[in-house]
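# Notes for the structure review
Residues per chain, in single letters:
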Amino acid sequence: MASFKLLIASLLIVVSLLLLQVAPADFQDSGTGDVAEKTLLKRMDCRGACAARCKLSSRPRLCQRACGTCCARCNCVPPGTSGNIGACPCYASLNTRDNKRKCP
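The structure displayed is predicted, hence computed values, not measured ones.

### Focus: the nonpolar core
In terms of nonpolar packing, the biggest core is built from 15 residues, with C67, V77 and Y91 touching the most fellow members. Among the secondary structure elements, those contributing two or more residues to this core are α3 (46–53) and α4 (60–74). The biggest single contributor to this core is α4, with five residues. Excluding residues within four positions of it along the chain, V77 makes contact with M44, A49, C50, R53, C67, C71, C88 and Y91.

Put into structure tokens, the structure is as follows:
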């Protein structure tokens, strides 16, 4: 009975040591990742970007709400207060049900 407990304890130790050796390798960056993967990891400050985008809008709260939705989906807000939608193709491609541009 004592030898059985010793066997189980030693197996648990060996398994835990193996897991410790494997786990750090999963978190290391090999440097070969895709650019899109790295941008997904870094989220932009949508609130600040949309505040800058909508500061000259006649309806700033509506503009910021729409911009925030678009930024959350695309992780991108074009520079400036209007136009420049070519800088963020995802932002430019979102439309409403009436097929109008969703993002300000």
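### Structural notes on the confidence of the model for the protein
Overall, the predicted model of the protein reaches an average pLDDT of 79, with 75% of residues at or above 70. Across residues 25–33, where pLDDT falls below 50, the model places three contacts with residues more than four positions away in sequence or in other chains.

### Regarding the state of the cysteines
For the structure on display, the rule yields six disulfides. In this model, C50 is linked to C67 through a disulfide, with the two sulfur atoms separated by 2.1 Å. On the S-S bond that ties C50 to C67, the torsion sits near -80°, and the link is left-handed. With C50 in helix α3 and C67 in helix α4, the pair connects residues that are 17 residues apart, well separated along the chain. Taking relative accessible area as the criterion, C50 reaches 3% and is therefore assigned buried. The class for C67 is buried, based on a relative accessible area of 0%. Here C54 is linked by a disulfide to C63, with a sulfur-sulfur distance of 2.0 Å. Around the S-S axis, the bridge from C54 to C63 shows a dihedral of about -75° and counts as left-handed.

### A look at unusual backbone geometry
At N75, a position not held by glycine, the phi torsion is positive, near 55°. In this fold, N75 is placed in the loop between α4 and α5 (89–93). Overall, N75 belongs to the buried group, its relative accessible area being 17%. Positive phi values are uncommon outside glycine, yet N99 reaches one of about 65°. When you line up the elements, N99 lands in the segment after α5. We classify N99 as exposed; its relative accessible area is 60%.

Criteria and thresholds
- Residues numbered from 1 in each chain as written.
- Predicted model: local features only at pLDDT ≥ 70, side-chain atom pairs only at ≥ 80, totals over all residues.
- Heavy atoms only, no water.
- Core = buried A, V, L, I, M, F, W, Y, C linked by side-chain atoms within 4.5 Å.
- Buried < 20%, exposed > 50% of the residue type's maximum accessible area, 1.4 Å probe, protein only.
- Helix = DSSP H or I, 4+ residues; strand = E, 2+ residues; numbered from the N terminus.
- Contact = heavy atoms within 4.5 Å.
- pLDDT = per-residue confidence, 0-100.
- Disulfide = S-S within 2.5 Å.

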